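Results of the structural survey
The residues making up each chain are set out below.
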Amino acid sequence: MTAADISAAQARRIALAAQGFADRRPTSAPTMTHLKRVLGRTGLIQLDSVNVAVRAHFLPLFARLGPYDRQLLARAAWQPVGKPRALAEYWAHEAALIPVDDWPLFRWRMDEFTGGRWKYTREVMAANAALAADIVAVIDELGPSMPRDIEAALGIVRDKGDAGSWWERGEVKHVCEALFAEGRLSAVRDEKFSRFYDRSERIVGTDIAETRIDRADAQRILVGRAAASLGVGTLTDIADYYRMSRTDAQRAIAEANDDGMVSEVTVEGWDDRAYLAAGARTPRAVTCSTILSPFDPLVFCRPRALRLFDFHYRIEIYTPAHKRVHGYYVHPYLLGDDIAARVDLKADRATGVLRVPAAHLEPGRDRGVVAERLAADLTTMAQWLGLDAVAVADSGDLAKELARRVRS
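Let us look at the structure shown here.

The full count for this structure, using the stated rule, is 29 salt bridges. Taking the shortest distance from any N to any O, the salt bridge between Arg-355 and Asp-348 comes out at 2.8 Å. Accessibility expressed as a relative area gives 31% for Arg-355, which makes it partly exposed. Overall, the relative accessible area of 17% leaves Asp-348 in the buried class. The partner of Arg-404 in a salt bridge is Glu-401, and the shortest N-O contact between them spans 2.8 Å. With Arg-404 and Glu-401 both in helix α17 (residues 399-407) and 3 residues apart, this pair spans about one turn of that helix.

So, in structure tokens, the structure goes:
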């Protein structure tokens, strides 16, 4: 057996640096320049509608920049029509915000999703070509619109007691989703996270919306982007980042390797070959600490999180309460180059309290060190969310010490 090119510890530091966790945080209020720097590292921000503590897409910036004005992200993605925006929403790694300039890199996926991403939306689209044209015409006239706005304009009335009318109302939403998947529509959001559909040309600009990039070229570029955001990763890691098929990713990686965008390496403890991004940094140490979103790009590929950090992570939001191990909506806690704990969080906005229903220490970590740093980071997070206090419940093996540190 030959020695690995990269040790397990080096791989962790490479991955963290690639995601921006080795960058110096701003010493003043973060700006749009800081936001774009983070997007330069991550390439995308995954969206999620759950709002137990804070919507998941706001947390990756907090994790890398510290407290920032959440309107910064809202302005970057959901500016009023006619004003320049930095981000647009599309299917990247699931629903995600991507840099507007990257829109053409997903044209091949939009082509694949012609008629809709899902079987039932394709069926609805196939039966409703005239409705699709009517929806686009309404949006042309009204601008960004919710399905109910479109229904009202088309004279579709929902009768709650009539299943047929309910399905007719549903057809508008399904057709909007299909048009979104195929790139004819994009979307903006309001403060309640409601989606308003609009013509892609008005969201990303006509030049970008009409730009076409050859499928193979786009996938090679996306593989290079994924590798750069990961630092070092397996074929599975790289394919997962933008949800490419293994076959497409394998071909694109071979091309990226030929172009010098990646190089093949071995990593200590990894069974599969890995690919190191050109220019990837290996910092001597990573010293930051932060609370992560369940959908942060550092951990959204669960097998990679296990391989990198020995961190077995599953969302338990859909698990019956009596079967949950760690809590309802649990956040990983990054401490240096290690995921040292996990905390279930809930923003109790009525009382102004950030509640910690459960806190668990990862095996072998120093309870006092972790609790001290986590208590400080929870206090910072509470202040960022406009909450006055942190309250730790007694569930989990870290809870008692964490509560003591929070009180002190």
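On to the sheet that holds strand β2 (residues 87-92), then. Strand order in this open sheet of 3 strands is β1-β3-β2, and the pairing throughout is antiparallel. The sheet is open, and its two edges are formed by β1 (45-46) and β2, each paired on a single side. Strand direction decides the pairing type here: β1 and strand β3 (residues 94-99), joined by 2 bridges, are antiparallel. Across the sheet, Ile-45 pairs through a bridge with Leu-97, a residue of β3. Its contacts with the sheet put helix α4 (residues 71-78) on β1, β2 and β3, and the angle it makes with β2 is roughly 80°.

So, on to the environment of Glu-210. Take Glu-210: it is sitting in helix α11 (residues 206-210). Among the residues examined, Glu-210 registers a relative accessible area of 57% and is labelled exposed. Between the C-alpha atom of Glu-210 and that of Ser-229, which follows or precedes it by 19 residues, the distance is 27 Å.

This paragraph deals with helix α8 (residues 147-154). Taken together, the buried positions of α8 are Pro-147, Ile-150 and Glu-151. Burial along α8 is one-sided: seen end-on, the buried residues are contained in an arc of 100°. Gly-155 sits one or two positions beyond α8 and adopts a positive phi of about 75°.

Another aspect to go through is the packing of helix α1 (residues 8-18) against helix α15 (residues 302-309). Closest axis-to-axis distance for the α1/α15 pair is 9 Å, and the angle between their directions is 130°. One finds that α1 runs oblique with respect to α15. When α1 is examined against α15, the residues Ala-11, Arg-12, Ala-15 and Leu-16 are found in contact with a partner set consisting of Arg-304, Leu-308 and Phe-309. Residues of the contact of α1 with α15, tallied by class, amount to 5 nonpolar, no polar and 2 charged.

Moving on to the packing of aromatic side chains. Tallied over the entire structure, the rule returns 11 aromatic pairs. Among the aromatic side chains, those forming a connected cluster through ring pairs are Tyr-90, Trp-91, Trp-103, Phe-106, Trp-118, Phe-180, Tyr-241, Tyr-242 and Phe-300. Note that Arg-117 overlies the ring of Trp-91, its terminal NZ or CZ placed 4.2 Å from the centroid. Above the face of the Trp-270 ring, Arg-307 is positioned so that its terminal group lies 4.8 Å from the ring centre.

Reading guide: rules and limits
- Residues numbered from 1 in each chain as written.
- Predicted model: local features only at pLDDT ≥ 70, side-chain atom pairs only at ≥ 80, totals over all residues.
- Heavy atoms only, no water.
- Salt bridge = Lys/Arg side-chain N within 4 Å of Asp/Glu carboxyl O.
- Buried < 20%, exposed > 50% of the residue type's maximum accessible area, 1.4 Å probe, protein only.
- Helix = DSSP H or I, 4+ residues; strand = E, 2+ residues; numbered from the N terminus.
- Pairing = 2+ DSSP bridges.
- Contact = heavy atoms within 4.5 Å.
- Axes fitted to C-alpha atoms, helices over the stretch in contact; angles between N-to-C directions.
- Arc of directions from axis to C-beta.
- Parallel < 35°, antiparallel > 145°, perpendicular 65-115°, else oblique.
- Nonpolar A, V, L, I, M, F, W, Y, C, P; charged D, E, K, R; others polar.
- Phe/Tyr/Trp six-rings, centres within 6.5 Å; stacked < 30°, edge-to-face > 60°.
- Lys NZ or Arg CZ within 6 Å of the ring centre and 35° of its normal.

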